[in-house]
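Topology and contacts: notes
Each chain, letter by letter, is given below.
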Amino acid sequence: MEKQMSYGLIVRPRGIDETNSPNDWYKKMRKNAPIAFDPERNCWDVFCYNDVQMVLQNYKQFSSNRNSPFPTLIDLDPPTHRRYRNLVSQAFTQKAVQELAPRITAITQELLTSLKGKCEIDIVEDIAYPLPVIVIAEMLGVPSEDRDMFKEWSDIVVSGTQTLSPEEMNQLLALRGKAMFDLRSYFHKIVAERRIEPRNDIISTLISAEVDGEKLSIDELLSFCFLLLVAGNETTTNLITNTMHTLFEHPNILNQLYRDNTLVYAAIEEALRYSSPVHSMNRFVTEDINYKGMNLKKGQEVMAWIGSANRDENVFDKPDEFDILRSPNHYLSFGAGVHFCLGSQLAKLEAKICMTEMLKVLPSMRLDTTKEIQMIPSTFVYGYKELPVIVGS
């Protein structure tokens, strides 16, 4: 079990599966067992907002170190994390992100132009998946023919399993190990090329980045490329898809956005709370702790259920209502503390541009309820494999 968890392979607790929304389970757990221990997983599940926020922020007692063979920024604790983040954040300044807006708009328009004349589309396959993949690929300076390979790798990395079947575990671990090895080998080649011949891409920027005279090592560069691929691809796809799915469930709000697409950003903000693209984040106990009467032991896993925290009745008024005018709206979808998502502004910018352009050129969008929609089988990310939509009158 410990080896399995050290690779970040998250096993879903029995109360949650990929076929249904977990929100009923979250509500029950917040009421009856807000801090619960699962002996099968050797894991504590934390469901209430204040507890989830505390776990995410308190890195001294709840470590991000997953003993991964290829640690990324999200696997590190301060002070190492602070040095690393200060370096890579130079590529994610507000100015750097905003400069991407014209290109993101152009990519979105190209994707939508290819759908002209169609009466049915799949928002995931046709728009929400290719947009962030193309953006990340261009940021990293990799060729377009490798985009599908990126999607396959990221799918494997965030995948989870419902059971503790040894066969299923071993198969998934083998797939993940190969995907991570292939990713590092691929990016190792690109880093080597950029050291000789820098280009206008994020890898070249990070190669030259310095803080207090220090630069990123080759392993740190490779790890960041890996993280950017997974975090910048999968979660942005799900942000766009989840927001659109929620709007289809609330057609009056969707129609409001058709009339006034300046409200798109507000809809995205509320969708981040209501249907977060990341539903959980794990940590590991660094020392024996008695927390609210619960005895947490050193080395045990703690699962902070972000999706549940975002529906906490003690923090959000009418949490099960989708209210795009909600204020304040302190959701935890991008994490909290030192690990607050570095790419949050980029993800929201992509989603805003994508949805605004969709509303302009795809009239009367509505969900095709005749087709089955499958959830992504993962505890970490929350989203849909497909989103079939009918467009036009």
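Predicted model, so just to flag it, every value in this text is computed and none were measured.

1. Describing the overall build of the protein
- For the protein, the count of helices and strands is 16 helices and ten strands.
- At 21 Å, the protein has a C-alpha radius of gyration in line with the 21 Å of a compact globule built from 393 residues.
- Expressed as lengths along the three principal axes of its C-alpha atoms, the size of the protein is roughly 60 × 55 × 40 Å.
- Burial statistics for the protein: of 393 residues in total, 56% are counted as buried.
- Within the protein, counting contacts between residues at least 6 apart in sequence, those at least 24 apart form 72% of the total.

2. Things to note about the sheet that holds strand 9 (residues 366-367)
- Spatially, three strands are ordered 4-10-9 in an open sheet, and the strand pairing comes out antiparallel. Here the strands that pair on one side only, and so sit at the sheet edges, are strand 4 (120-122) and strand 9.
- Relative to strand 10 (residues 388-390), strand 4 is paired through three bridges, and the arrangement is antiparallel. Among the inter-strand pairings, Glu120 is bridged to a residue of strand 10, identified as Ile390.

3. Digging into helix 14 (residues 264-274)
- Of all eleven residues in helix 14, nine are buried; the element is thus mostly enclosed.
- Inspection of helix 14 places Val264, Ala267, Ile268, Glu269, Glu270, Ala271, Leu272, Arg273 and Tyr274 among the buried residues, and these make up the whole buried set.
- Where helix 14 is buried, its residues touch helix 12 (218-249), helix 13 (251-259) and helix 16 (344-361).

4. Section: the pattern of salt bridges
- This structure, assessed with the given rule, holds 22 salt bridges.
- Linking Arg30 and Glu313 is a salt bridge whose minimum nitrogen-to-oxygen distance equals 2.8 Å. You can see Arg30 sitting in helix 2 (residues 23-32) and its partner Glu313 sitting in the loop between helix 15 (306-309) and helix 16, a full 283 residues away along the chain.
- Ionic pairing is found between Arg194 and Glu193, a salt bridge with its closest N-O pair at 3.6 Å.
- The network of salt bridges with common partners includes Lys27, Arg311 and Asp320.

5. Quick look at the sheet that holds strand 3 (residues 62-63)
- Strand order in the open sheet formed by five strands is 1-2-8-5-3, with mixed pairing between adjacent strands. Two strands close off the open sheet at either side, each with one partner strand: strand 1 (35-38) and strand 3.
- Here strand 5 (residues 281-285) runs beside strand 8 (residues 301-304); their pairing, made up of four bridges, is antiparallel. Looking across to strand 8, one finds that Phe284 is bridged to Glu301.

6. Topic: helix 12
- Spanning 32 residues, helix 12 covers 46 Å between terminal C-alpha atoms, matching the ideal 46 Å at 1.5 Å per step.
- Here helix 12 lies mainly inside the structure; 28 of its 32 residues are buried.

7. So, the packing of aromatic side chains
- A complete count under the given rule lists 13 aromatic pairs for this structure.
- Ring-pair connections join several aromatic residues into one group, and the members of that group are Trp25, Tyr26, Phe47 and Trp305.
- Lying across the ring of Phe316, Arg273 places its NZ or CZ 5.4 Å from the centre.
- The ring of Tyr274 has Arg311 sitting right over it, with the charged end atom 4.1 Å from the ring centre.

8. Details of unusual backbone geometry
- In this model, Pro78 is joined to Pro79 through a cis peptide bond whose omega is 5°.
- With respect to the secondary-structure elements, Pro79 resides in the loop between strand 3 and helix 4 (80-88).
- The amide bond that connects Ser327 to the next residue, Pro328, takes the cis arrangement and shows omega of 0°.
- Looking at the element boundaries, Pro328 is found in the loop between helix 15 and helix 16.
- One non-glycine residue with positive phi stands out, namely Asn42, at about 50°.
- Positioned with a positive phi, Ser364 is a non-glycine residue whose angle comes to about 50°.
- Mapped onto the secondary structure, Ser364 falls in the loop between helix 16 and strand 9.

9. Remarks on the layout of surface pockets
- Its volume calculated, the largest pocket comes out at about 370 Å³.
- Residue lining of the largest pocket: 18 residues in total, with Ala96, Leu100, Met139, Asn200 and Ile202 positioned closest to the centre.
- Broken down by secondary-structure element, the contributors of at least two residues to the lining of the largest pocket are helix 5 (94-98), helix 6 (101-113), helix 8 (130-140) and helix 11 (202-208).
- Of the residues in the lining of the largest pocket, the class split is eleven nonpolar, three polar and four charged.

10. What to know about the nonpolar core
- Counting 88 residues, the largest nonpolar core has Phe187 and Ile202 as the members making the most contacts within it.
- Looking at which element gives the most residues to this core, the answer is helix 12, with 14 residues.
- The contacts of Ile202, once residues within four sequence positions are left out, are Ala91, Phe92, Met139, Leu140, Phe224 and Leu228.

So, how was this worked out
- Per chain, residues are indexed from 1 in the order of the written sequence.
- This being a predicted model, a pLDDT of at least 70 is required before a residue's local features are given, and a value of 80 or more before pairs of side-chain atoms are given or counted; all residues contribute to the totals for chains, interfaces and linings.
- The basis for every side-chain value is the complete set of heavy atoms in the structure, and neither hydrogens nor water enter the calculation.
- Strands are runs of DSSP state E lasting at least two residues, helices are runs of H or I lasting at least four, and both sets are numbered from the N terminus onward.
- Every radius of gyration here is taken over C-alpha atoms, with the globule rule written as 2.2 Å times N^0.38, N being the number of residues.
- Burial classes follow relative accessibility: with a 1.4 Å probe on protein chains only, a residue under 20% of its type's maximum area counts as buried, one over 50% as exposed, and anything between as partly exposed.
- Residue contacts are defined here by distance: any two heavy atoms, one from each residue, within 4.5 Å place the two residues in contact.
- Two strands qualify as a pair provided that DSSP identifies no fewer than 2 bridges between them.
- Definition used for salt bridges: Asp or Glu carboxyl oxygen within 4 Å of a side-chain nitrogen of Lys or Arg.
- Expected helix span is given by 1.5 Å per residue-to-residue step, counting one fewer step than there are residues.
- Whether two aromatic rings pair depends on their centres lying within 6.5 Å, for rings of Phe, Tyr and Trp, where Trp uses its six-membered ring; planes under 30 degrees apart make the pair stacked, over 60 edge-to-face, and the rest tilted.
- We call a charge positioned above a ring when the Lys NZ or Arg CZ atom is no farther than 6 Å from the ring centre and deviates by at most 35 degrees from the ring normal.
- Using protein atoms alone on a 1 Å grid, points that fit a 1.4 Å probe yet trap it form a cavity, whereas open point sets bounded by protein on both sides within 12 Å along at least five of seven lines form a pocket; residues with an atom within 4 Å of a point count as lining.
- Grid points are joined across faces, edges and corners, and a volume is the space filled by probe spheres set on the points.
- Throughout, the ten residues Ala, Val, Leu, Ile, Met, Phe, Trp, Tyr, Cys and Pro are labelled nonpolar, Asp, Glu, Lys and Arg are labelled charged, and all others, Gly among them, are labelled polar.
- Throughout this description, the term nonpolar core refers to a set of buried Ala, Val, Leu, Ile, Met, Phe, Trp, Tyr and Cys residues connected via side-chain atoms within 4.5 Å.

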